[in-house]
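Fold and contact review
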Amino acid sequence: MIRFTPLVAFFVVMFYSLDIFSQEVKIRGKVIDGKRESGLEFANVALLTPSDSSLVTGGMSDLDGNFEFSTAAGEYILRVGFIGYLEFYEKITLGESKNSVNLGTITLVEDAQNLDEVVVEGVTSMFESDIDKRTYNVENSIVAEGQTASQLLSTLPSIQMDDEGGITMRGSGNILIYINGRPSNLSGDDAESILSQFPANSIKSVELITNPSSRYDATGDGGIINIVLKKNEKTGFNGQVNASIGTRDKYQAGLNLNYGTEKANFYGSYNWQDRRQLEFGEGSRSNYLDGFSPKLEQDQDGYELEKTHLVRAGVDYNISEKGLFGVYFQGNFDDETEYSDVTQLNISQTGSIDSSFVRQNNEWSTSANYEGGVNYTLTLDSLGQKLYSSFSYSYDTREQTDYSNQEFFDADGNSDPTKRLIQTNDRPRTSNLYVAQLDYEKPFQNGAKIETGLKATLGNWQWSQEFAQGDQFSDFEPVVVDTLSDTFDFDESVYAAYFTYKNTKGKFGYQLGLRGEYTRTLGETVRNNESIPNNYLNLFPSAFLSYTIAAENELTLNYTRRISRPSIWDLAPIYRVRDQYNFSIGNPYLQPEFTDSYEIGYMKGWERYLLNATVYHRYSTDVETRITILTDNNVAIQSRENADTRASTGFELINQIQIFNNLDATLTGNLFYSKINAENIEQSFSNENFSWTLNLLANWLIPNWFSVQAQGNFRGPIVLAQGQIEPQYSLNIGLRKDVLKGKATISANVSDIFNTRNFRITTSNPRFDEKRVFQRETRVGTLSFTYRFGGFKERAEDNRSRRDGGDGGDDF
């Protein structure tokens, strides 16, 4: 007897749908920007009645410029347009003998008349939105000139970064970071230190995938951030040179080269940074322990010197009309020096100083990351059937040495040499990452499409630490402390397979998917000779539904299930000594976190206004959360634990407004409620609150002068099991002007004008209450220059919007 399970029903509906929608004519094609030769998102594609040009039906192009919709057979006027571009018109006939018509590529060019009055480049939208993904074209970001990737991300809507370099999106953490669609293997103490190795000028765009489908890795329950690096694909020899200088010793320079022929495209780039960044922090802890001063005050001042080199090279070669082969190499090299002075005061009940510590910290580190890969794309037929395969390998090595000199002073300010400490910490790290992938796409004549694929991600990370301490008994020569020295070796292998099916019926569209991932992990410690395996198999369904109310008016509903696996940072059971009162350590027994995500979206476009509204709900189990405990020795130890559940419900509203031809604005607001239940850890470890974020991005072009860009954001509190991250706001502004007949650009910007982008956290516990503030230097003025050169020649027909390719014959 066969059981009719939901999974069986899913496959029955999926395959039955291949042929049931053949009564209508499916129209598809692609809209591209004639100048940039890239897909043009949200172009308006409409079919008009020939007699009176009234609207019959239509749709909008997606992030890649592709569009498709259905209509009845007949004669129409095809109209394709976008703000700032010449509209394209053509009479077409859709016959009943074909149920699917490919319109080919429709190229839109900028309106030359508008260019005489308004330079369209000055108001080119930085923000693009789709059902499950938002793209920020940071090449158009004036306020990001001369910054790093981490600083760039902190200016984008819905993204926040904390003092540990952690990233949250829509208030949820555990974000998966991709570089060019692949996981990064760069080393660092946190995501911020990794991203700082990429200059913002090396980045083309940033994609925020808030609710990824089954085609994407299931990792990252908060979503995916994909950083797309620049790679030119124009014909002939061309490139650009850029350089910038920032206040307090911040320098950056880069070179991008490209040589394109009919068969191949060669590209290469080099980016260099030399940056000095100030850092400061302060904290106040009230202790409720007997035998210790009731209050601890701490101040920290320091700076970081960082030099980075980023080298990229590759070639894409058309080995045949249907086959494209690519190979690339990337090298990241980083050299850092950090210094800080830390003063800690033990305060009595009366407010006087009981004792104090003064600590000087020095840190030196060098790292090198090498990555290479190959890929091959085979186009099997004219309908778009494709087979894609890729393989990449990256190796990372990092050497880091810490040195600290700590002195003790009594209540009268006298130094006590018997309590002086010299501490050293050697922390070498290495990692290897292999990624192999095979994807297959099959479109059908009726407009349906299946996607399936396999992927293997194999990684190994090894972290070591040799901590030594010297005092008067060792003549201040550091002696290795065994309890604080160890090596942690971690292997993680993830094998995945996925299948998705998408189709439309009239105004309804749907995409159903299922992904399976088998994970094998093994953590091993050297000191205790302990092995910690963890193997599990999980299924991750996804469903996306849409209903087109009218042209540029759509309603969507989607569901996904995702996982967040603990990283080496969270797992390594090695104590990191910040000072004698503050330690942190990983938890090798952490379990993966699972999240079910639901979204309802509504999108409506007018001539000068685009509205995108989303209501979302996320429910997570085994939530990885930050926990701080205070020992009987008055030492705060921060670690990670799995909390029972977390629920987040929110409403996000995105408004894109073309106020005038030379002024646009994007206003993004997000209101959400979060509740975390961690009573499995301790009875009082539960918390909830309302929070919100607000982001404004405005572009203003002053004709014949320059472009102005302003970006400001506000983030409300973020709930934690033991407290909250306090609100934060900032404002950035920049100017840009094209010179040398458009071949060069000069820009100037100031980030965080009011110097308010700091990290503040409040922690409450029966044993202590604590408030901390940490801030990296964020108020920076930058002057940048970019020069573009090359032999790329515009084709003669590129001065008008046109259509290329597609189906011919009587049916079109």
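Read on for an overview of the structure. (Residues numbered from 1 in each chain as written. Predicted model: local features only at pLDDT ≥ 70, side-chain atom pairs only at ≥ 80, totals over all residues. Heavy atoms only, no water.)

Concerning the overall build of the protein chain
- What the protein chain contains, in helices and strands, is 5 helices and 47 strands.
- The contacts in the protein chain between residues at least 6 apart in sequence include a share of 67% that link residues at least 24 apart.
- Surface exposure of the protein chain reaches about 35100 Å², of which carbon and sulfur atoms provide 55%. (Helix = DSSP H or I, 4+ residues; strand = E, 2+ residues; numbered from the N terminus. Contact = heavy atoms within 4.5 Å. Areas by Shrake-Rupley, 256 points an atom, 1.4 Å probe, with all protein chains shown as cover.)

Here's the deal with the sheet that holds strand β6 (residues 74-81)
- The antiparallel open sheet is built from 4 strands, whose spatial order is β4-β3-β6-β7. Each end of this open sheet is capped by a strand with a single partner; those strands are β4 (55-60) and β7 (88-94). Strand-to-strand twist across the sheet, computed as the mean angle between neighbouring axes with direction ignored, equals 25°.
- Inspection of the sheet shows strand β3 (residues 44-48) paired to β4 by 5 bridges, in the antiparallel sense. Bridging across to β4, L47 finds its partner in T57. (Pairing = 2+ DSSP bridges. Axes fitted to C-alpha atoms, helices over the stretch in contact; angles between N-to-C directions.)

Some points on the environment of T343
- Mapped onto the fold, T343 is located in strand β21 (residues 323-347).
- With 42 residues separating them in the primary sequence, T343 and D301 have C-alpha atoms 9.0 Å apart.

A few points about the pairing of strand β35 (residues 609-630)
- Here strand β34 (residues 593-605) pairs with β35 via 12 bridges, running antiparallel. The residue bridging K604 from the neighbouring strand is L611, located in β35.
- From the end of β34 to the start of β35, which pair antiparallel, there are 3 residues.
- Judged from the 21 bridges that link them, β35 and strand β36 (residues 636-660) form a sheet pairing that is antiparallel. Paired with T614 across the two strands is E652, which belongs to β36.

What about the environment of F292?
- As for its placement among the helices and strands, F292 is situated in the loop between β19 (264-287) and β20 (295-318).
- Linking F292 and N634, residues 342 residues apart in sequence, is a C-alpha distance of 7.4 Å.
- Not counting residues up to four positions away in its chain, the partners in contact with F292 are D632, N633 and N634.

Examining the nonpolar core
- Within the largest apolar cluster, 22 residues are counted, with the highest numbers of intra-cluster contacts made by I203, V206 and I225.
- Mapped by element, the contributors of at least two residues to this core are α3 (149-153), β12 (167-169), β13 (176-179), β15 (203-209) and β16 (224-229).
- Setting aside chain neighbours within four positions, we find I225 in contact with L153, I159, I167, M169, I175, L176, I177, Y178, V206, E207 and L208.
- By size, the runner-up hydrophobic cluster in this structure holds 20 residues, among which are L40, Y76, Y85 and L94. (Core = buried A, V, L, I, M, F, W, Y, C linked by side-chain atoms within 4.5 Å. Buried < 20%, exposed > 50% of the residue type's maximum accessible area, 1.4 Å probe, protein only.)

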